[in-house]
Each structure stands twice: as structure tokens, then as C-alpha cells.
Amino acid sequence: MGRISAKQLQEQLRVYFIMGSNNCKKNPFDMLKEAIEGGITFFQFREKGQGALSGVEKVAFAKELQAICQKYSIPFLVNDDVDLALALDADGVHIGQEDERADIVRRKIGDKILGVSAHNLEEAKRAIEQGADYLGVGPIFPTNTKTDAKEAQGVEVLRHLREHGITIPIVGIGGITVDNAKEVIRAGADGVSVISAISLANSPKESAWRLAKAIDDALHEK
Ligand code: 3NM
């Protein structure tokens, strides 16, 4: 089948929801379903931080979330845990700069989708050379969700990457909300990835819908 095309991925990355059990105020399965009904286009299972599940509990939880994504044809990626992604036959993996090198992960996962977090031009170029399909760039705005996040860079980092020849799909991450999502797209991202804008919303469905609408509007301005 080969690797996913940049064009297809660009479409799929518009509203990228990331979640683990400790990001949820309510039932995570209901939340994911609501987010999908609201219009998310991509999902990452990120089981990290305080109270995160491990072992068989983590696997069972991931499987249930994956089944929901499969039912609605939403790509299901796993954060960091390449073995889990392979065991579940997930659609791909997202890795950070502290994780295993992207070229090693690429070899392990074949044509599955590979996302890599990048914070600057050098990291972006290296990730592409090593086989990334898309980049997650952030934190764009201050975030309370990732305790070890770097300093917020603003949307300028996205503009900088685009001006310096980075053409592969990019999603912004970190502190993105319905109110600032348009700026992220205008600066050059293809989509936004969010945790709390959906997971802590009173209505995940409405929040996802409003994000999707903001992104559609901003893309149509281009
Ligand atoms: N990665 P929220 S910021 C998972 O900068 C993650 O690489 C980041 O959560 C990075 O949408 C972040 O609630 C947290 O701000 C995103």
C-alpha cells in the first residue's frame, strides 16, 4: 500500500484529538465518541503522567479506544509505545525528541504513519530525513497539560518552518483552543492537536465541532 500521501494526511490532521485516561473528567469512551461526533479527524492514545495506566490495563484501554476509532474510520495512533502500536496494529505512532530515533521507529513500523514532535527547524529537518510523515510543533501557546513542556513559542515557529522549506504536514500543539485555532492555521499548520480543549470541555462534542469550524474557516481563507 505504501506510505500515506502528504495530501491525504493533511486532510486527516485538521482536528487531532489526543487523550489518555488521566485527561478525562468523564467516561473516556463516551468522550471519544462525542469528540468524533463533533468532527475530530485523527486520534492519538497518549497514556502518560500521573495515574497513567500500565501493563494489561493500558492495553485493554487502548483496544477499546481503537475499536471506537475503527468504527468511525478515524486514524488511531499511539504515543511513544511502538510495541503497543505494533501489537494493536494501530495506524501509526507519534514520538517525541526524547524517544527512540525516528529512523529506527520507521524501520520497525514499515508504512504506518509516523509523527514526530519538533521544536525548531533543525529538529524538523532531521525528523523528515529520518522518515516522519508529519510534524507536531509546539508548544504554540502555554499549556497546563504537559508538565515538562518547553516555553511557548507562539505561531511564529510555524511561519518560520514554512518559510524555510518545510512542506510536510504540520499540526500545532499546546494551549490551542477554539479561540486561537485560526491563528495556528493562518501561520502555516494544516491542523491543530489538542488535549484539554476537548477533554476538559463541558461538551466535547460542541468543542470539537467549534474547532472543526474554526479550522475550516481559516483554511478557506488561504
Ligand atoms: N505536547 P493541551 S504540548 C502533549 O509542545 C503535548 O510537544 C506538547 O495539551 C509539545 O492541548 C502538549 O491541553 C500538551 O495544551 C497539549
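## Thoughts on the overall build of the protein
Part 1 of the reasoning: From N to C terminus, the protein includes ten helices and eight strands.
Part 2 of the reasoning: What you see for the protein is a C-alpha radius of gyration of 16 Å, in line with the 17 Å of a compact globule of 222 residues.
Part 3 of the reasoning: Considering only C-alpha atoms, the protein reaches an extent of 45 × 40 × 35 Å along its principal axes.
Part 4 of the reasoning: Burial statistics for the protein: of 222 residues in total, 52% are counted as buried.
Part 5 of the reasoning: Taking as baseline every contact in the protein between residues at least 6 positions apart, the subset at least 24 positions apart corresponds to 59%.
Part 6 of the reasoning: Looking at the protein, you have 28 positive and 32 negative side-chain charges, and the mean spots of the two groups are 2 Å apart.

## Quick look at the layout of surface pockets
Part 1 of the reasoning: Approximately 970 Å³ is the volume found for the largest pocket.
Part 2 of the reasoning: Along the wall of the largest pocket there are 44 residues; nearest its centre are Arg-46, Thr-145, Lys-146, Ile-173 and Ile-195.
Part 3 of the reasoning: Looking at the lining of the largest pocket, the elements with two or more residues in it are strand E1 (15-19), strand E4 (92-95), strand E6 (134-137), strand E7 (170-173), strand E8 (191-194) and helix H9 (196-199).
Part 4 of the reasoning: Among the elements that line the lining of the largest pocket, the one with the most residues is H9, at three residues.
Part 5 of the reasoning: Looking at the lining of the largest pocket, its residues break down into 13 nonpolar, 23 polar and eight charged.
Part 6 of the reasoning: Quantified by volume, the second largest pocket comes out at close to 280 Å³.
Part 7 of the reasoning: Around the second largest pocket, the lining comprises 13 residues; the ones closest to its centre are Met-1, Ile-4, Asp-91, Asp-111 and Ile-113.
Part 8 of the reasoning: In terms of residue class, the lining of the second largest pocket is made up of five nonpolar, three polar and five charged.

Basis of the calculations
- Residues numbered from 1 in each chain as written.
- Predicted model: local features only at pLDDT ≥ 70, side-chain atom pairs only at ≥ 80, totals over all residues.
- Heavy atoms only, no water.
- Helix = DSSP H or I, 4+ residues; strand = E, 2+ residues; numbered from the N terminus.
- Rg over C-alpha atoms; globule rule 2.2 N^0.38 Å.
- Buried < 20%, exposed > 50% of the residue type's maximum accessible area, 1.4 Å probe, protein only.
- Contact = heavy atoms within 4.5 Å.
- Lys, Arg positive; Asp, Glu negative; His and termini not counted.
- Charge placed at Lys NZ, Arg CZ, Asp CG, Glu CD.
- 1 Å grid on protein atoms, 1.4 Å probe; cavity = no way out; pocket = protein on both sides within 12 Å on 5 of 7 lines; lining within 4 Å.
- Points joined across faces, edges and corners; volume = space filled by probe spheres on them.
- Nonpolar A, V, L, I, M, F, W, Y, C, P; charged D, E, K, R; others polar.

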